[in-house]
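# Analysis of the macromolecular model
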Amino acid sequence: MFGNKKLREKLKESLKSVLPITLVVLVLCFSVAPVSNSVLSAFIIGAFLLIIGMGLFTLGSEAAMQPIGESIGSGITKSRKIWLIAFIGFIIGVIVTVSEPDLQVLAGQVPSIPNFTLIIAVAIGVGLFLVVALLRVIIGIRLSYLLIGFYALVFILTLFVPQSFIAVAFDSGGVTTGPMTVPFIMALGIGVSSIRSDKHAHDDSFGLIALCSIGPIAAVLILAAINGSAGGTYTPVTIPDIDDSRELWRLFGSEIPRYLKEVAVSLAPIAVFYALFWLFSKKEDRASRKQLTKIAIGLIYTFVGLVLFLVGVNVGFMPAGNYLGTVMGGLSFNFVVIPVGMLIGYFIVAAEPAVYVLNKQVSELTSGAISERAMNISLSVGVCLSVGIAMLRVLVRIPILYILIPGYAIAIGLSFFCPKLFTAIAFDSGGVASGPLTTTFLLPFAMGVCSAVGGEIITDAFGIVAMVAMTPLITIQFLGVLYKYKQIKAERIAAVIAGNEDYAIIEL
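Residues numbered from 1 in each chain as written. Predicted model: local features only at pLDDT ≥ 70, side-chain atom pairs only at ≥ 80, totals over all residues. Heavy atoms only, no water.

Scanning the protein for helices and strands turns up 23 helices and zero strands. In the protein, which comprises 508 residues, the proportion classed as buried is 56%. For the protein, the exposed area adds up to about 20500 Å²; of that, 66% sits on carbon and sulfur atoms. (Helix = DSSP H or I, 4+ residues; strand = E, 2+ residues; numbered from the N terminus. Buried < 20%, exposed > 50% of the residue type's maximum accessible area, 1.4 Å probe, protein only. Areas by Shrake-Rupley, 256 points an atom, 1.4 Å probe, with all protein chains shown as cover.)

Set out below in structure tokens:
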């Protein structure tokens, strides 16, 4: 079903993505930030699992998650019943959000609200905003108008919650759009957009992640306003202390059953929902048995890949990130965490599994006009800048809203000067860039630095995920403005050539 050649390609791609960040960390470990042998050994094994897991996940995602999303999207729109599209969209939004492994991490950071309450509230927020996003695709409402309205509402909500809760709330927007949610929702948007035949239909298939990222922020802020809590508390990362190779194996082996269960619980609702959808669909709309077999095998690849990925990042990368941050934050020249953080941020975004899915779909739907390379560079530059600002914020304790409000104002302002497609892709990219690696490496790194300099973890270290989600909105829209400028210039040159060839030569 899947040849060795295809698997080798995916493993090669994941190696190229993970190797740079691994090398950067190793250089730091052997220079300015020495770490213990146990931390270093766990990090190296984690990197290996990351490479294998990411390769299997991306292969499985292509074979299963995307076809399932597109099939459901196109199927529900054929009914032409708005209520049915809204209802199924809401159910899907809740299911895939509850299925998102990163949401468990968020829930554990907010002990003042029961985990189940927080997870359900965030899932309902995503479900409601997915309904809004699907209706926008069908009706064709300009995305920037919705973003202005909803982000204005979000920032108004911040006036009614404890300040220590704001960073956690904005982080939740990036955390809940992770490797499970993104492929499914993006494919759903493509399926729903197929109902339209106008030239802007494929442009509007993007933007679902952008709107769904607002749901968790609003949900956590509302919970905070109702609960009146001062926010969550920091749970220190456990740094492994390993004496021999047998203990190292036990460290990873003990976590595998936990993630097997988590990922199984994550994938099961999606698989069951699609099975029911297939059974109740019209015969002509059903996938063939061959396609079902391919989807089933793809789900197995997705399952195994995500388990290996999560074990690698949580057991190997999280302690290394926290330890490095603590060591570097305690240096007399601790300002070095700013350029080091920027370097790590530049490379780490390429290793996020959902980024691959986004870049591939963008390249395919724009027929190569927006290449995967251009997307990668734009995302890397954006995350690089955001991590640098986040490290500066940790060192000098800048309130998070002082950065988020002008950042989002610039991003929304740019939406009126660049093509609609770039705006949708940019806001989708924000949620995609802030995935498991950001949560399990950059956030612990910021926490380590914050602890070393005596800062407040909840107010100063939290917020890095939100900032990683914000800066790609600006960099990719700048790419869109540049693209539009080049397009207009090319059209003018073509017009001049058609009307006055000699003048065109002088102009060129």
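The rest of the description comes next.
Moving on: the environment of Gln-163. Position of Gln-163 among the secondary structure elements: in helix 7 (residues 163–175). According to the relative accessible area criterion, Gln-163 is exposed, its value standing at 56%. Counting along the chain gives 296 residues from Gln-163 to Thr-459, while the straight-line C-alpha distance between them is 7.7 Å. Once residues within four sequence positions are removed from consideration, Gln-163 is found in contact with Thr-158 and Leu-401. (Contact = heavy atoms within 4.5 Å.)

Positive phi, normally seen in glycine, also occurs at Arg-397, with a value near 60°. You can see Arg-397 is positioned in the loop between helix 17 (372–396) and helix 18 (401–414).

Here we come to the pattern of salt bridges. Side-chain pairing between opposite charges can occur once the charged atoms of the two side chains come close. Under the defined criterion, the tally for this structure stands at five salt bridges. Across the salt bridge formed by Lys-10 and Glu-62, the nearest N and O atoms sit 2.6 Å from each other. Within this pair, whereas Lys-10 is found in helix 1 (residues 4–29), its partner Glu-62 is found in helix 2 (residues 37–78), the two being separated by 52 residues in sequence. Just as Lys-10 is buried, Glu-62 falls in that class too. Three or more residues joined by partner-sharing salt bridges are found here, namely Lys-6, Lys-10 and Glu-62. (Salt bridge = Lys/Arg side-chain N within 4 Å of Asp/Glu carboxyl O.)

This part covers a nonpolar patch on the surface. A contiguous nonpolar surface patch, about 430 Å² in accessible area, is contributed by Tyr-145, Ile-148, Phe-416 and Phe-417. Its location among the elements puts Phe-417 in the loop between helix 18 and helix 19 (420–433). Using a relative accessible area of 56% as the deciding quantity, one classes Phe-417 as exposed. (Patch = residues over 30% accessible without salt bridge, like charges linked within 9 Å, V, L, I, M, F, W, Y side chains within 5 Å.)

What follows deals with helix 15 (residues 337–348). An ideal rise of 1.5 Å per residue puts 16 Å on 12 residues; helix 15 measures up with 15 Å between its terminal C-alpha atoms. By the burial criterion, the buried members of helix 15 are Val-337, Val-340, Gly-341, Ile-344, Gly-345 and Ile-348. Taken end-on, helix 15 shows its buried residues confined to a sector of 135°, consistent with a single buried face. At its buried positions, helix 15 is contacted by helix 1, helix 14 (289–329), helix 17 and helix 20 (436–453). (Expected span 1.5 Å × (residues − 1). Arc of directions from axis to C-beta.)

Two elements in contact, helix 6 (residues 143–157) and helix 11 (residues 214–227), have axes whose closest approach is 10 Å; the angle formed by their N-to-C orientations is 25°. Classified by the angle between their axes, helix 6 and helix 11 sit roughly parallel to one another. Crossing geometry of helix 6 relative to helix 11 is assigned as left-handed. From helix 6, Leu-147, Phe-150, Tyr-151, Val-154 and Leu-157 reach across to helix 11, where they touch Ile-214, Ile-217, Ala-218, Leu-221 and Ile-222. Across the contact of helix 6 with helix 11, the residue classes break down as 10 nonpolar, no polar and no charged. (Axes fitted to C-alpha atoms, helices over the stretch in contact; angles between N-to-C directions. Parallel < 35°, antiparallel > 145°, perpendicular 65-115°, else oblique. Left-handed = near helix turned anticlockwise from the far one by under 90°. Nonpolar A, V, L, I, M, F, W, Y, C, P; charged D, E, K, R; others polar.)

Averaged over every residue, the pLDDT of the protein is 82; residues scoring 70 or more account for 90%. The least confident element of the protein, judged by mean pLDDT, is helix 23 (residues 501–507) at 46; the most confident is helix 18 at 93. The model gives residues 503–508 a pLDDT under 50, and that stretch makes four contacts with residues more than four places away or in other chains. (pLDDT = per-residue confidence, 0-100.)

Looking at the secondary structure, you find Ser-415 in the loop between helix 18 and helix 19. Residue class for Ser-415 comes out buried when judged on its relative accessible area of 1%. At 2.4 Å, the side chain of Ser-415 and the backbone oxygen of Ile-412 are in polar contact. Ignoring anything within four residues of it in the chain, the contact list for Ser-415 reads Arg-142, Ser-144, Thr-423 and Gln-477. (Polar contact = N/O pair within 3.5 Å; in protein donor to acceptor, adjacent residues only side chain to side chain.)

Below, the discussion takes up the environment of Ile-457. Checked against the element boundaries, Ile-457 lands in helix 21 (residues 457–461). Of the residues examined, Ile-457 reaches a relative accessible area of 10% and is grouped as buried. Separated by 11 residues in sequence, Ile-457 and Ala-446 have C-alpha atoms that sit 8.6 Å apart.

It is worth spelling out the side chain of Thr-97 at this point. Mapped onto the secondary structure, Thr-97 falls in helix 3 (residues 82–98). Those residues within four positions of Thr-97 in sequence are excluded, and the remaining contacts are Leu-103, Val-122, Ala-123 and Val-126.

This part is about the packing of helix 13 (residues 256–280) against helix 14. Where helix 13 meets helix 14, the axes come as close as 9 Å, and the angle between the chain directions of the two elements is 155°. Classified by the angle their axes make, helix 13 and helix 14 are roughly antiparallel. Of the two possible hands of crossing, helix 13 and helix 14 adopt the one that is right-handed. Contacts between helix 13 and helix 14 involve Ile-256, Tyr-259, Leu-260, Val-263, Ala-264, Leu-267, Ala-271, Tyr-274 and Trp-278 from the former and Leu-292, Ile-295, Leu-299, Thr-302, Phe-303, Leu-306, Val-307, Leu-310, Val-311 and Asn-314 from the latter.

What follows is about the packing of aromatic side chains. Tallied over the entire structure, the rule returns nine aromatic pairs. With centroids separated by 4.9 Å and ring planes inclined at 65°, the aromatic side chains of Phe-129 and Phe-150 adopt a geometry described as edge-to-face. With Phe-129 in helix 5 (residues 115–139) and Phe-150 in helix 6, this residue pair connects regions lying 21 residues apart in the sequence. Note on Phe-129: relative accessible area 12%, which makes it buried. Relative to Phe-441, the ring of Phe-317 has its centre 5.8 Å away and its plane inclined at 65°; by these criteria the two rings are edge-to-face. Taken together, the residues span a long stretch of sequence, with Phe-317 in helix 14 and Phe-441 in helix 20 at a distance of 124 residues. For the pair Phe-317 and Phe-441, a shared accessibility class is recorded, and that class is buried. Three or more aromatic residues joined by ring pairs make a cluster, and in this case those are Tyr-151, Phe-155, Phe-170 and Tyr-408. (Phe/Tyr/Trp six-rings, centres within 6.5 Å; stacked < 30°, edge-to-face > 60°.)

Here we come to helix 3. Across its 17 residues, helix 3 extends 24 Å between first and last C-alpha, which sits within 8% of the 24 Å expected from 1.5 Å per residue. Of all the positions in helix 3, only Ile-85, Ile-88, Gly-89, Ile-92, Gly-93, Ile-95, Val-96 and Thr-97 are classed as buried.

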